[in-house]
Amino acid sequence: MDSRDERRKPGELEAAIVTALREAGRSLTPGQVRELIAPEGGLSYSAVVTTLNRLHKKQAVTRRREGRSFRYGALVDAADLVAQRMSALLSAESDRAGVLRRFVSDLGAEDEDLLRRLLADDPED
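So, a few notes on the structure that sits alongside this text. Keep in mind it's a predicted model, so treat the numbers as computed, not measured.

Attention shifts here to the environment of Glu-110. Relative to the helices and strands, Glu-110 is located in helix α7 (residues 109-120). The class of Glu-110 is exposed, set by a relative accessible area of 72%. In sequence terms Glu-110 and Glu-23 are 87 residues apart; their C-alpha atoms lie 29 Å from each other.

This is how it looks when you write it as C-alpha cells:
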C-alpha cells in the first residue's frame, strides 16, 4: 500500500478523537483516547497529544491538569468540527457568493434537497 493511501483525510483524526471523548462520557487522558481510537496501534501518542492541543485551542475540548498530564473532554461533536472548518474556509474567501454557488452546484440531489429543507425551516416556529 502506498504511504499516501494510509494518510487520514483532513479532520479525520480530530473527528475520531471528539467522537471517542463524547462516547466515553467522561474526560480521558491522551493514552486512553489513543487506546479507544487505535487499539491495534498504528497511531502515535504524540499525534494524539498534538491533535488534542489543537482541539483545545479551537475550544472543542476541555482540558484539566491531572498530575503531570491532562484529561480532555468533548465540548462539540464531529459535525461541529466540520461546520467550523467550512465557516473558516468561507470567511477566508472574498467571493463568498461564488464559493457558496459552487458548493451548492456540486451537491448531490439528496444533499441539495436537504439543504433547501434546512434553509426553509424557520427556527421561530
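We are not done yet, so read on.
Turning our attention to unusual backbone geometry. Of note, Gln-59 is a non-glycine position whose phi angle comes to about 60°, a positive value. One can find Gln-59 in the loop between α4 (45-57) and β1 (61-66).

Counting across every chain of the model gives 1 aromatic pair. The side chain of Arg-63 reaches across the aromatic face of Phe-70, ending 4.4 Å from its centre.

With that out of the way, let us pick up the nonpolar core. Within the largest apolar cluster, 16 residues are counted, with the highest numbers of intra-cluster contacts made by Ile-17, Leu-21 and Leu-55. Put simply, the parts of the chain that give this core at least two residues each are α2 (12-24) and α4. Top contributing element to this core by residue count: α2, with 4 residues. With sequence-adjacent residues up to four places away left out, Ile-17 is seen in contact with Val-33, Ile-37, Val-48, Thr-51, Leu-52 and Leu-55.

Criteria and cut-off values
- Residues numbered from 1 in each chain as written.
- Predicted model: local features only at pLDDT ≥ 70, side-chain atom pairs only at ≥ 80, totals over all residues.
- Heavy atoms only, no water.
- Helix = DSSP H or I, 4+ residues; strand = E, 2+ residues; numbered from the N terminus.
- Buried < 20%, exposed > 50% of the residue type's maximum accessible area, 1.4 Å probe, protein only.
- Phe/Tyr/Trp six-rings, centres within 6.5 Å; stacked < 30°, edge-to-face > 60°.
- Lys NZ or Arg CZ within 6 Å of the ring centre and 35° of its normal.
- Core = buried A, V, L, I, M, F, W, Y, C linked by side-chain atoms within 4.5 Å.
- Contact = heavy atoms within 4.5 Å.

As far as function goes, none of this settles anything; it's purely spatial.
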